[in-house]
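The lines below spell out each chain.
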Amino acid sequence: MDYRLETRCIHGERRSADHHPFGALAVPIYQTATFSHPGVGRSTGYDYTRSGNPTREELEKTMSALEGACDTIACATGMAAISLCLELFDKDARFVCSEDLYGGSVRIFKEVGERRGFSFSYINTSDVEAVEREIRAHKDTRALYIETPSNPMMEVTDLAAMRSLADQYNLCLIVDNTFLSPYLQNPIAFGADLVIHSGSKFLNGHNDTLAGFVCTSRPELSERLRYLTKTIGANLSPFDCFLLARGIKTLAVRMERQQENAARIARWLQTQPKVKQVYYVGLPEHPGYETNCRQARGAGSMISFRVDTEATAHRLLETVRLISYAESLGGVESLITYPMLQTHADLPQKVREKLGITEDFLRLSVGIENVDDLIADLTQALE
Ligand SMILES: *Cc1c(COP(=O)(O)O)cnc(C)c1O
């Protein structure tokens, strides 16, 4: 039978009680570099951990079950996953991208991708016509690279519309699904060819390790990705695979609690005199609200907001006590980030200003603490 998402987080696709040796319920950590062979030309199914490892394989199968993918590659970090995807493309390929991507993605595109002969266009992909105009203007376009909601401006891109364009112009549709996680959004159901995750965020959920995933819906891409990951070797270690598998077991309950807290905090922020604007896709007045409701099962727990002055922003960052002033997102601990100096420092200043990533702009990743404690912390920091 087809289990629902909450069950798949814990049991993967299907797992019998005697799945592991001795009936272990948790995936054993196969901390081995190599595997011995029972005879010439025979194999246990595993040869060397760069090519395959049972702990990693179980995690990858769970991720495939969560994303509805035919295959998933577990990588050392989210950036390793993005880098692996770039390897699928030939020189001279152009990527049409959402304009406010994770800062690390912009950096790898510029510093690594452009040297490889790739080109990148950045546009507001919530504007479908603008995406089509950009594709038509560039015959070398090979892929659409989308984050929805985007980071940090929370723009929502219509995934079904992106699929139609991808079909019409024969493009690969790549979606970085880190912000909503597979619990709240499955881009493959809307036609994505590749789904990328930073596993360091909601999937791990405990801010205690880094990981990345590339999920695909296409067997031919899976075959190529398997070959590439074995060749490049940026895959996830057995111990980190165990941590990820453990984190994913509670993904559903964490996400539910995190977005419940986020919805309360977003509403509360709107009532604060020193807060000028709140960007949260769960607010019905958000321009992407309807689209997000069509393609996702929730709004997640990322909130951006603008305060009245740079001084207020600095004071807030320096006086929060429960909430940590730290980069990253998606964990059980609430974090506040200053995108201008942290996650998006690598964007050219002109681009940052155009997007609105300025000195009065903050990003909050809401955790699972008691929401009244979080609001009390923000209250004292805003005073
Ligand atoms: C963090 C992040 C990445 C990079 O992941 P790492 O695990 O830090 O390498 C990529 N995309 C998004 C949206 C992220 O938030």
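Overview of the structure. Keep in mind that this is a model prediction, so the values were computed, not measured.

Around the ligand there are 13 residues in total, and G78, D176, S198, S200 and K201 lie nearest to it. Within the contact set of the ligand, a nitrogen atom lies 2.7 Å away from a side-chain nitrogen or oxygen of D176. S200 has a polar side-chain atom sitting 2.6 Å from an oxygen atom of the ligand. Compared with its free state, where it exposes 380 Å², the ligand has 94% of that area covered by protein. No other element matches helix 3 (residues 78-86), which puts three residues into the shell around the ligand. By residue class, the composition of the shell around the ligand is five nonpolar, five polar and three charged.

Once that is clear, we can look at the side chain of T229. Within the fold, T229 resides in helix 8 (residues 219-232). Beyond its immediate stretch of four places on either side in the chain, T229 contacts R50, I73, L84, A234 and N235.

Taking 1.5 Å of rise per residue, the twelve residues of helix 14 (residues 371-382) would be expected to cover 16 Å, and the 16 Å separating its terminal C-alpha atoms lies within 8% of that figure. Taken as a whole, helix 14 has its buried residues at V371, L374, I375, D377, L378, A381 and L382. Considered in projection along helix 14, the buried side chains sweep an arc of 155 degrees and stay on one side of the axis. In this structure, the buried residues of helix 14 make contact with helix 10 (251-270), strand 8 (275-279), helix 12 (310-319) and strand 12 (361-365). Looking at where helix 14 begins, the residue whose side-chain oxygen comes 2.7 Å from the main-chain nitrogen of D372 is N370.

It is the contact of helix 2 (residues 54-67) with helix 9 (residues 238-249), at a shortest axis distance of 8 Å, that shows an interaxial angle of 35 degrees. Like other packed secondary-structure pairs, helix 2 and helix 9 cross with a definite hand, here left-handed. Along the contact surface, helix 2 presents T55, R56, L59, T62, M63 and L66, while helix 9 presents P238, C241, F242, L244, A245 and I248. The residue makeup of the contact of helix 2 with helix 9, split by class, is nine nonpolar, two polar and one charged.

Conventions used here
Residues numbered from 1 in each chain as written. Predicted model: local features only at pLDDT ≥ 70, side-chain atom pairs only at ≥ 80, totals over all residues. Heavy atoms only, no water. Near = heavy atom within 4 Å. Polar contact = N/O pair within 3.5 Å; in protein donor to acceptor, adjacent residues only side chain to side chain. Areas by Shrake-Rupley, 256 points an atom, 1.4 Å probe, with all protein chains shown as cover. Helix = DSSP H or I, 4+ residues; strand = E, 2+ residues; numbered from the N terminus. Nonpolar A, V, L, I, M, F, W, Y, C, P; charged D, E, K, R; others polar. Contact = heavy atoms within 4.5 Å. Expected span 1.5 Å × (residues − 1). Buried < 20%, exposed > 50% of the residue type's maximum accessible area, 1.4 Å probe, protein only. Arc of directions from axis to C-beta. Axes fitted to C-alpha atoms, helices over the stretch in contact; angles between N-to-C directions. Left-handed = near helix turned anticlockwise from the far one by under 90°.

Keep in mind these numbers describe shape, not what the thing actually does.
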